[in-house]
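The lines below spell out each chain.
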Amino acid sequence: MKLPELTIGKSLKSKRVLVRVDWNIPLTGELAGLDSLKLERTFPLIKDLSKHGAVVILMTHLGRPKKQEKKYSTKNLIDIVKKQSGIRLRFLDKKLDDPKGLSQAKKLIKVAKPSTIFLLENVRFNKGETENDPKLAKVYSELGSLFVNDAFASCHREHASVVGITKLLPSYAGPSLMAEVEALSKLLKKPKKPFVAVIGGAKLSSKIGALESLLKIADKVMVGGAMAHVFFAAKKMSIGKSMIEEEAIPLAKKLIKHQKLLLPIDVVVAKKLNEKTKARVVRVEDIKKTDVIGDIGTGTMLAWSQIIRKAQTIVWNGPVGVTEIPTFSNGSKVLNQAIAVRSRGPAYGVVGGGDTLPVVMQSGMGEWIDHLSTGGGAMLEFIANKGKLPGLQALTKELKN
Ligand code: ADP
Ligand code: 3PG
Ligand code: MG
């Protein structure tokens, strides 16, 4: 898929450039992992456009607001962005789905000095955003003269600020979007073999598409985390009181006999998943009724690390244990080390996932991995759908409606 790339130069002076970013980050606590990556990756484009005298109009969603609440206002991002990048944003709080608000916004943009950077209010406050309403796309299009999508993490959403807008303005892919697509495409197009995948996390149903795709294109797929419990249950093995997504058992049953699928051979269990608990490593056949699984076991850590050490292509999404609790974070840390070391060496390594990236980044080995993806759902859908995402197809005009 060839995406239209924006050339930044003098011709952009005083042009109104509408840029979709994905600054959907939790506003509580310190910025970590995925959150800081999501912000940092967009700063070069914004600085570059402003340096060349464009008037930049940024838009993002923030959370999944049911109604317009202050906690979801993008105004909350202004100080965070300033602290991270020095970029000064001018907040445009006008209600765009109201004709008066739209006309005020247009006036403010029209009289703005070159290099001004506006930030629009949360796009999900606008009626029709998540429905990809053409009326709202038209409203957005009136604010700018060209559109740049630099929001890979939103490209799986067929929304007005991602898809609809591209039908009305000349539209381009921003640099961080280009980089994501290039990096993830290497997993799909002739990956060097052996190609191994580690998939973990909470819910099998949320990753089933990517898992099925990886079972086709990779040589080995290691499944850990609570997702593995569903496979154990599908095999009628006892998992004690461990977390389980019951509804996904039929999905697991379909894949259970797949040759490439590897499940943990042992696990770390405890009576409860908390900081103070006493944990044991047991073989998966020996899990007791009162046990709760919190991590892959030491035998699995070793076996899977050995597989990773021989790989030429590696992809990892989803922790293999409850990384929020140190006792159950070792499996993910050990695999992270193996993946980072091997990626620093001959293999091509890609990691993504909101709960996976903190493990990588806290280890200090993040830079050894070839690509850290900002797309949680978007990365999984990219893998599941052979690189096709609504936001990308819209840029190449493949998505017609
Ligand atoms: P990512 O955001 O990286 O894609 P997910 O959101 O799919 O990852 O899954 C992360 C969550 O899975 C974490 O909250 C972690 O505690 C949970 N998890 C992993 N292993 C287990 C387990 N054995 N039991 C319960 N929860 C688990
Ligand atoms: C993400 O955090 O994965 C993206 O920002 C998409 O958010 P959404 O799942 O609320 O559409
Ligand atoms: Mg998560």
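See the structure shown above.
A brief structural summary. (Residues numbered from 1 in each chain as written. Chains lettered and ligands numbered in written order. Predicted model: local features only at pLDDT ≥ 70, side-chain atom pairs only at ≥ 80, totals over all residues. Heavy atoms only, no water.)

1. Digging into the packing of aromatic side chains
Under the criterion given, the structure shown has two aromatic pairs. Taking 6.4 Å as the distance between ring centres and 70 degrees as the angle between the ring planes, the aromatic pair formed by Trp23 and Phe43 counts as edge-to-face. Note that Trp23 is positioned in the loop between β1 (16–20) and α1 (34–40) and Phe43 in helix α2 (residues 43–51), a separation of 20 residues in sequence. Look at Trp23 and you get buried, because its relative accessible area is 0%. Among the residues examined, Phe43 registers a relative accessible area of 6% and is labelled buried. Summarising the aromatic geometry, the rings of Phe152 and Phe382 are spaced 6.1 Å apart at their centres and angled 65 degrees between planes, so their arrangement reads as edge-to-face. Residue Phe152 is found in the loop between β5 (146–149) and β6 (171–173), and its partner Phe382 is found in helix α13 (residues 377–384); the two are separated by 230 residues along the sequence. We note that Phe152, like Phe382, is buried. (Phe/Tyr/Trp six-rings, centres within 6.5 Å; stacked < 30°, edge-to-face > 60°. Helix = DSSP H or I, 4+ residues; strand = E, 2+ residues; numbered from the N terminus. Buried < 20%, exposed > 50% of the residue type's maximum accessible area, 1.4 Å probe, protein only.)

2. Quick word on the site of ligand 2
Near ligand 2, the surroundings consist of Asp22, Asn24, Lys38, His61, Arg64, Arg124, Ala153 and Arg157. Between an oxygen atom of ligand 2 and a side-chain N or O atom of Asp22, the distance comes to 2.6 Å. Side-chain polar atom of Lys38 to an oxygen atom of ligand 2: 3.1 Å apart, as the coordinates give it. Protein burial of ligand 2: of its 310 Å² of free accessible surface, 85% is covered by the chains. Here the residues of the shell around ligand 2 are counted per class, giving one nonpolar, two polar and five charged. (Near = heavy atom within 4 Å. Polar contact = N/O pair within 3.5 Å; in protein donor to acceptor, adjacent residues only side chain to side chain. Areas by Shrake-Rupley, 256 points an atom, 1.4 Å probe, with all protein chains shown as cover. Nonpolar A, V, L, I, M, F, W, Y, C, P; charged D, E, K, R; others polar.)

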